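Chain by chain, the residues:
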Amino acid sequence: MQTKIKVRDQKILLVDDLDYNRQLLRHNLTALFSHNNLKYRAFSYFQAHNASSALLTFSQQSPDLVFLDIELPDGSGIDLLKRFKQQKPDCFVVMVSGVSTLENVKASIAAGAASFIVKPFSADKILAVLKQFERFYDKQIKVNL
Amino acid sequence: MNLLFAEDDVLLAQLFQLQAQQSGYAVCWVENGDAAIQQALTYQHDLILMDVQMPILDGISAMQLLRQLGFDRPIVAMSAEEVTETGFDLVLKKPLHWQQVQQQLAQFEEFPSVALQVPAELKEGYICHVEQSLKQLEQLASQGMWSEFAAIVHQFKGSAGSFGLDHISELAHQFQTSWNTLPTEQKLPRATWFLEQCKACKLK
C-alpha cells in the first residue's frame, strides 16, 4: 500500500471553451486520482471558458496544474501558456488540442508546456499526464525541503 | 502488446507487421516521425519502435520531442548506425531479425488500459448540445458564414469522440482535412453533405 502524502491541496485550473469538456475532464481527474495509486489526492478545481477569464483565475489562484486548450475563442492557448510561465515558472501546464501537428507540439514545448493531450480525451492519456505531474511535484518538494 | 512501428521503408514495415502479428502483437505502422508523435500521444501503444532516419521528422528528434513532453513509455531505436543519443530504452541493430527482436521485446510490459468515465447525464447534455449545434450549423450554412461553421465543426472534432460519438468526430476530421482548400462554390454542397451525414448518425 502506497503512503499518502498530504502536502497541501493542489490547485487545478481547467481551461476549455466547452463546459462539457471541462466537466468530463474534472470527473475523470477525480476518478483517476482516487483509484490509481497516485500519491496526491486533495485538489481544488477552478475553471475558465476563455483566455481572459483563465488569465484572471490564474493570477488569483496560482494553480499547480493547468489543462489548457490551445484553441480558445478569444486567444491562443500558446500565448496564454507563455504568460502563465512568466507568472509562475514552476506551474505544470498540459496543453490540450484536437490537432497534434508538429507545429503545435513544438510551439507548446518552446513556450514551456510540460505535456500535451490530444483530444478526444481518454483515461490513459489523462493518467499518463497525472503520473508525470506526480514525478514533477515530488522533485519540487525535494527541492523546497 | 500494442506496438507502434515507425519506419519509412514500406517493405520492411510490411514484413515486420506480418511477423509481429503472427506472434500475437498488434502493430500500428506510421511512415515518419511526425506521425509517430501523433500516434504516441494517443497512449494506445505499449512500446514504440522508431527508425532513426525518416522523412519529415527523424526518429531521434521525434523521441526527443516525446521525452520533452514527459512521454514515459519505452521507445526503441532501429538503426544500422550507432545511436548515442539518450532517451531510447534500447537500440536494435538493423537489419532486424524477428527472433532477436522478439527476445528483446519480451523484457517490456503491457500498460493496462483504463476506461474513460462518461456520466450518463453529462453524455445526454452533450448530445443535446450537438443537436442544437447542428441546427445552428444549418443556419450558418444558409447564410454562408463559413468561418463560424468551421469553428463549430472543429469543436465537434475535439469533443465528440470523448463522449463516445466517434462517427461525428470522424466526420468532422474528414471535413477539416479538405475544407480550407475547397473553392468557395463547393463549400455549400460540402457543408450540406456533412450535415446530412451527421444527422444520419445515431446520437442516442
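Residues numbered from 1 in each chain as written. Chains lettered and ligands numbered in written order. Predicted model: local features only at pLDDT ≥ 70, side-chain atom pairs only at ≥ 80, totals over all residues. Heavy atoms only, no water.

**Student:** Got a sec to walk through the overall build of chain A? Specific residues and values, please.
**Tutor:** Tallying secondary structure elements over chain A gives 5 helices and 7 strands in all. Computed over its C-alpha atoms, the radius of gyration of chain A comes to 14 Å, within 12% of the 15 Å expected for a compact globule of 145 residues. When its C-alpha atoms are laid out on the principal axes, chain A stretches across 45 × 30 × 30 Å. With 145 residues in all, chain A has 56% of them scored as buried. (Helix = DSSP H or I, 4+ residues; strand = E, 2+ residues; numbered from the N terminus. Rg over C-alpha atoms; globule rule 2.2 N^0.38 Å. Buried < 20%, exposed > 50% of the residue type's maximum accessible area, 1.4 Å probe, protein only.)

**Student:** Tell me about helix α7 (residues 166-179) of chain B, and please be specific about residues and values.
**Tutor:** Residues and elements named next belong to chain B. With 14 residues, α7 should reach 20 Å at 1.5 Å per residue; the first-to-last C-alpha distance of 20 Å fits that figure. Among the residues making up α7, those that are buried are I168, S169, L171, A172, F175 and W179. Relative to the axis of α7, the buried residues are bounded by an arc of 160° and lie together on one face. In this structure, α7 carries H167 and T177 as exposed residues pointing more than 90 degrees from its buried face. The inward-facing, buried residues of α7 contact α6 (146-159) and α8 (187-200). (Expected span 1.5 Å × (residues − 1). Arc of directions from axis to C-beta. Contact = heavy atoms within 4.5 Å.)

**Student:** Any details on the sheet that holds strand β3 (residues 65-69) of chain A? Residues and values, ideally.
**Tutor:** Residues and elements named next belong to chain A. With parallel pairing, 5 strands are arranged side by side in an open sheet as β2-β1-β3-β6-β7. A strand with exactly one partner marks an edge of an open sheet, and here the two such strands are β2 (43-48) and β7 (115-118). The average undirected angle you get between the axes of adjacent strands in this sheet is 20°. Of the strand pairs in this sheet, β3 and strand β6 (residues 92-97) are connected by 5 bridges, and their pairing is parallel. If you follow V66 over to β6, its bridge partner there is V93. Together, β1 (10-15), β2 and β3 form the strand contacts of helix α1 (residues 19-35), whose direction differs from that of β2 by roughly 165°. (Pairing = 2+ DSSP bridges. Axes fitted to C-alpha atoms, helices over the stretch in contact; angles between N-to-C directions.)

**Student:** Please provide a residue-by-residue account of the layout of surface pockets, values included.
**Tutor:** Looking at the largest pocket, its volume works out to about 760 Å³. In terms of lining, the largest pocket is formed by 28 residues, of which the most central are V118, K119, P120 and K125 of chain A together with T42 of chain B. If you list the elements that add at least two residues to the lining of the largest pocket, you get α5 (123-144) of chain A together with α2 (33-40) and α7 of chain B. Sorting elements by how many residues they give to the lining of the largest pocket places α7 of chain B first, with 4 residues. Residues belonging to the lining of the largest pocket are distributed by class as follows: 10 nonpolar, 12 polar and 6 charged. Summarising the domain contributions, the lining of the largest pocket has at least three residues from each of domain 1 (2-105) and domain 2 (120-200) of chain B. (1 Å grid on protein atoms, 1.4 Å probe; cavity = no way out; pocket = protein on both sides within 12 Å on 5 of 7 lines; lining within 4 Å. Points joined across faces, edges and corners; volume = space filled by probe spheres on them. Nonpolar A, V, L, I, M, F, W, Y, C, P; charged D, E, K, R; others polar. Domains from an automatic or database assignment.)

**Student:** Give a detailed account of the nonpolar core, specifying residues and quantitative values.
**Tutor:** Of all hydrophobic cores here, the largest spans 55 residues; its most connected members are L29 and F67 of chain A together with L137, F149, F156 and F194 of chain B. Not counting residues up to four positions away in its chain, the partners in contact with F149 of chain B are L137, L140, A141, F175, A191, F194 and L195 of chain B. Among the nonpolar cores identified, the runner-up in size contains 50 residues, and A51, I78 and A128 of chain A together with M50 of chain B belong to it. (Core = buried A, V, L, I, M, F, W, Y, C linked by side-chain atoms within 4.5 Å.)

**Student:** Can you break down the pairing of strand β3 (residues 47-51) of chain B residue by residue, with the values?
**Tutor:** Residue and element names in this part refer to chain B. Counting buried positions along β3 yields 5 of 5 residues, so the element is predominantly enclosed. Neither face of β3 is open: one carries L47, L49 and D51, the other I48 and M50, and all of them are buried. As paired strands, strand β1 (residues 2-6) and β3 are joined by 4 bridges and run parallel to one another. By the bridge assignment for β3, A6 is matched with M50. Two strands pair when backbone bridges link them, and β3 and strand β4 (residues 75-79) are joined in this way by 4 bridges, in the parallel orientation. Across the sheet, residue M50 finds its bridge partner in β4, namely A77.

**Student:** Explain the interface of chain B and chain A residue by residue, including any values.
**Tutor:** Contact residues are listed per partner, giving 33 residues for chain B and 36 residues for chain A. Buried area between chain B and chain A, summed over both chains or domains, comes out near 3,000 Å², and the portion from carbon and sulfur atoms is 64%. Along the contact surface separating chain B from chain A lie 1 salt bridge. Our count for the contact surface shared by chain B and chain A stands at 13 residue pairs in polar contact (both at pLDDT 80 or more). If you list the elements that add at least two residues to the side of chain B that touches chain A, you get α2, α3 (59-68), α5 (120-142) and α6 of chain B. If you tally residues by element for the side of chain B that touches chain A, the top one is α6 of chain B, at 5 residues. (Buried area = accessible area lost by both parts, 1.4 Å probe. Salt bridge = Lys/Arg side-chain N within 4 Å of Asp/Glu carboxyl O. Polar contact = N/O pair within 3.5 Å; in protein donor to acceptor, adjacent residues only side chain to side chain.)

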